[in-house]
Amino acid sequence: MIFWRRKPLDRLIADAEKQALHRSLGAFQLTMLGIGAIIGTGIFVLIAEAAQKAGPGMMLSFVIAAFVCGVTALCFAELASMVPVAGSAYTYSYAVLGEVVAWVIGWSLVLEYAISGSAVAVGWSGYTVGLIENLAGVDISDAWTRAPASGGVVNLPAMIVSLAVTCLLVVGTRESARFNAMLVIVKVVVLSIFVALTVPVMDMDKFEPFAPTGGLGIGTAAASIFFAYVGFDAVSTAAEETRDPQRNVPIGLIGSLLVCTLFYLLVAAGAIGTVGAQPIMGSDGSALATGSSALTTACREGMAFVCSSEPLAYVLRASRREGIGNLLSLAAGFALPSVVLMMIYGQTRIFFVMARDGLLPQVFAKVHPRFRTPHVVTWSTGVFVAFFAGFFPIGLLADISNSGTLLAFLAVALAVMILRVREPHRTRRFRTPAIWVVGPLAVFGCAALFLLLSWHTILLFIGWSTIGLIFYRCYGFRHSRLAKPQPISGEVMA
Ligand code: ALA
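The sections below set out a description of the structure shown in this document. (Residues numbered from 1 in each chain as written. Predicted model: local features only at pLDDT ≥ 70, side-chain atom pairs only at ≥ 80, totals over all residues. Heavy atoms only, no water.)

## Thoughts on the state of the cysteines
A full pass over the atoms with the stated rule returns one disulfide. Note that C299 is cross-linked by a disulfide to C307, the S-S spacing being 2.0 Å. Torsion about the S-S bond of the C299 and C307 cystine: about -80°, corresponding to left-handed handedness. A disulfide-free cysteine, C75 has its sulfur positioned 8.6 Å from the sulfur of C446, the nearest such atom. Taking the relative accessible area as the measure of exposure, C75 reaches 0% and is therefore buried. (Disulfide = S-S within 2.5 Å. Buried < 20%, exposed > 50% of the residue type's maximum accessible area, 1.4 Å probe, protein only.)

Structure representation (structure tokens):
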């Protein structure tokens, strides 16, 4: 069964041990790392889409998505503490589920990283354009700031920020830990200010009706708002650099998810209680689909929370706090490009590992002679990210990204359970607690959220996977390093 050839786990672990990292992170640093990676476009922008899908009931959607992420995170942490090497879900799948599954997962991770980079770039564009319009008192044409499905021609600012970030990555600019920590503080401070200004003056009548689109609306909003939690895997993958991982990794994971969930719920409550978050209904009494031309047209007739591309700033401006609204936009303008950078960076490293495994052309593993960065793969990724940022609406991008992420997470949860059976005595620096409860919950939760995505997202996902499998059959299957005789002490992974 050549399709199921696996990369030996021992070889992966031996490689990882060779590059053992200094164990310096404690529970607090891990929690901060997680919060920094998690907070982004989801809460700053997609909250409006969630409101269009579920109304005030989106608060439950946030809780459901957080629960699925929590159980998946615990599975992730076990594998990350065993196999702490680049490539995350792709690498684990290669060792446990075989090459063809690994390929599908690696291909899906393009959606998790590259497409979410596009989504965050679109989110940045919304806040930045809104800020410029507000400060300069001008009205920038939608034609150049929105995707065709959102009533424009092309989202130029989103393309520009994607390409600018790509340039930075090619010349090798890395965010320093201090810069990252500063951005975490900026995000937490602006969200805290938002909560402090809105929660105390909430009008409880605005929470009625709480679930205008019913349980299904809450479920579909959970599948979309899942995006707001993506990034917690950064904590799992830092397991190797953590002191006492058995204690600190779960604290970091669950801690950062809890802190973010609390923030998200407070921010959502503040927004709902201040301006209301009822969906715009069509003539048939159901909520208009997000990203549809009907919703774009309805939004042109009158601004509402669910229509805004900078919803948190909208809430503040609508409650006569223009200055603070602008400050929030400015903070989003600073913080979001770093999320785009993380996403493009993550994508290039996965492509890089796949190229080294022979599943992608070697040109992807080429390193720039002067900058010492993988420039071919970085530019290819950057152009891909910019294209999707320019021509697709944020809701669709986030949903497509979620489809790939959910599949990868599901594979990770399966891999943990399979390894527990196949290799029960292998050393695990972190063991998922109650694996036979947590594992199935993670698989079921990821599958349920995947199925709650819109049918066109699922179709796009199937199309993307089919293209991937054809490419694998024509290229990766033949060029895989596992298809060639293995060097005695040669490393599959350096
Ligand atoms: N969770 C990240 C965000 O919301 C991806 O931007």
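## Here we look at the nonpolar core
Of all hydrophobic cores here, the largest spans 155 residues; its most connected members are I43, F44, I47, M58, F62, Y264 and L312. With 17 residues, the single largest contributor to this core is helix α6 (residues 99–136). I47 has contacts with G42, M58, F62, I225, V267, A268, F305, P311 and L312, leaving out every residue within four places of it along the chain. (Core = buried A, V, L, I, M, F, W, Y, C linked by side-chain atoms within 4.5 Å. Helix = DSSP H or I, 4+ residues; strand = E, 2+ residues; numbered from the N terminus. Contact = heavy atoms within 4.5 Å.)

## What about the site of the ligand?
As a structural note, the neighbourhood of the ligand is formed by I38, G40, T41, G42, V120, F227, A228, V230 and M343. At 2.6 Å, a backbone N or O of I38 approaches a nitrogen atom of the ligand. In the model, an oxygen atom of the ligand is placed 2.8 Å from a nitrogen or oxygen of the G42 main chain. In the complex, the protein chains occlude 100% of the 220 Å² of accessible area that the ligand would expose alone. Looking at the shell around the ligand residue by residue, the classes come out as six nonpolar, three polar and no charged. (Near = heavy atom within 4 Å. Polar contact = N/O pair within 3.5 Å; in protein donor to acceptor, adjacent residues only side chain to side chain. Areas by Shrake-Rupley, 256 points an atom, 1.4 Å probe, with all protein chains shown as cover. Nonpolar A, V, L, I, M, F, W, Y, C, P; charged D, E, K, R; others polar.)

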